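The primary structure of each chain is shown beneath.
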Amino acid sequence: NFITGIILKRVGKKYASMALQSAGTHLLVDFWTTIGAVTAVVLVKFTGAAWIDSAMALMLGAYMLRSGIKLVYQSVAGLLDAEDIKILESLVEIFGRFAGNGIIQIHHTRVIRAGWFHHIDAHIVVPEFWSIEKAHERSNIFEDQVIKAYAYGGEANFHLDPCKKKYCAVCDYENCPVRVKPFESRMPVILEHLRSKIEPKDTP
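Residues numbered from 1 in each chain as written. Predicted model: local features only at pLDDT ≥ 70, side-chain atom pairs only at ≥ 80, totals over all residues. Heavy atoms only, no water.

## Overview of the nonpolar core
Part 1: Of all hydrophobic cores here, the largest spans 31 residues; its most connected members are Leu 91, Phe 95, Ile 106, Ile 120, Phe 142, Val 146 and Phe 158.
Part 2: Contributions of two or more residues to this core are made by α4 (85-98), β1 (105-114), β2 (117-126), α5 (132-149) and β3 (153-162).
Part 3: Examining the composition of this core, we find that six residues originate from one element, α4, more than from any other.
Part 4: For Leu 91, the residues in contact, after removing those within four places along its chain, are Gly 96, Thr 109, Val 111, Ile 120, Val 146, Tyr 150 and Leu 194. (Core = buried A, V, L, I, M, F, W, Y, C linked by side-chain atoms within 4.5 Å. Buried < 20%, exposed > 50% of the residue type's maximum accessible area, 1.4 Å probe, protein only. Helix = DSSP H or I, 4+ residues; strand = E, 2+ residues; numbered from the N terminus. Contact = heavy atoms within 4.5 Å.)

Right, dumping it as structure tokens:
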């Protein structure tokens, strides 16, 4: 039970399966309650202290309650698409790796999870002079790169926002016909921006 429980929990986390994780937790609870019960019987037999049985029962009950509450919380959070900071932090690294060349800034990122399949939704700022065809072509390339580097299976959908000449100092797009400031350095992708529903206020 212990070995099977560990395997189920690891595979469940890998594939974001709450069913496998809960099955693994159930087996581990069975293992630890058995160990606890046997330990209590042995201790009572050799010490004569009957209170050990009650104390062990309380500890095992608390352990089972904690495990159950944790599973319920994780399940409800998944159903309600609660924000997962670890997932957003992984997207910070992935977005930062493939942004640039017209992908100027990224914000308002949401991840809708259905087990192993994730839908990534975000707003990206692109050059305002791009045609619809050009903007979608670049965003489609970016979407493919993100999904290939992402830990889970899924899809990405990016909403396009025009730069409005606010990002010139952090935009590395060459030969820009509407540039009003020289390029200095790219704006880094940060967690604060991904969690924000609006574009950053500290734009140069």
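## With respect to the pairing of β1
Part 1: Burial of β1 is extensive: seven of the ten residues sit out of reach of the surface.
Part 2: The sheet contact formed by β1 and β2 spans eight bridges and is antiparallel. When the sheet's bridge partners are listed, Arg 113 is paired in β2 with His 118. (Pairing = 2+ DSSP bridges.)

## Some words on the packing of aromatic side chains
Part 1: As enumerated under the stated definition, the model contains nine aromatic pairs in all.
Part 2: With a centroid separation of 6.3 Å and an interplanar angle of 85°, the aromatic rings of Phe 2 and Trp 32 are classed as edge-to-face. On the criterion of sequence distance, the pair formed by Phe 2 in helix α1 (residues 2-14) and Trp 32 in helix α2 (residues 18-47) is long-range, its members being 30 residues apart.
Part 3: Residue class for Trp 32 comes out partly exposed when judged on its relative accessible area of 40%. (Phe/Tyr/Trp six-rings, centres within 6.5 Å; stacked < 30°, edge-to-face > 60°.)

## Overview of the pattern of salt bridges
Part 1: Taken as a whole, this structure holds four salt bridges when the rule is applied.
Part 2: Its salt-bridge partner being Arg 110, residue Asp 121 comes within 3.0 Å of it at the nearest N-O pair. Taken as a pair, Asp 121 in strand β2 and Arg 110 in strand β1 lie far apart in primary sequence, eleven residues in all.
Part 3: Take Asp 121: its relative accessible area is 7%, and that puts it in the buried class.
Part 4: Overall, Arg 110 belongs to the partly exposed group, its relative accessible area being 42%. (Salt bridge = Lys/Arg side-chain N within 4 Å of Asp/Glu carboxyl O.)

## Let's talk about the confidence of the model for the protein
Part 1: Of the residues in the protein, 95% reach a pLDDT of 70 or more, and the chain-wide mean stands at 89.
Part 2: Per-residue pLDDT, averaged within each element of the protein, yields its smallest value for helix α3 (residues 51-79) (83) and its largest for α5 (95). (pLDDT = per-residue confidence, 0-100.)

## Looking at the sheet that holds β2
Part 1: Ordered in space as β1-β2-β3, the three strands form an open sheet in which the pairing is mixed. Bordering the open sheet on either side are β1 and β3, each of which pairs with just one other strand. Taken over all neighbouring pairs, the strand axes of this sheet differ in orientation by 15° on average, direction set aside.
Part 2: Relative to β1, α4 is tilted by about 135°, and along the sheet it contacts β1, β2 and β3.
Part 3: Strands β1, β2 and β3 of the sheet are contacted by α5, whose axis makes an angle of about 145° with β3. (Axes fitted to C-alpha atoms, helices over the stretch in contact; angles between N-to-C directions.)

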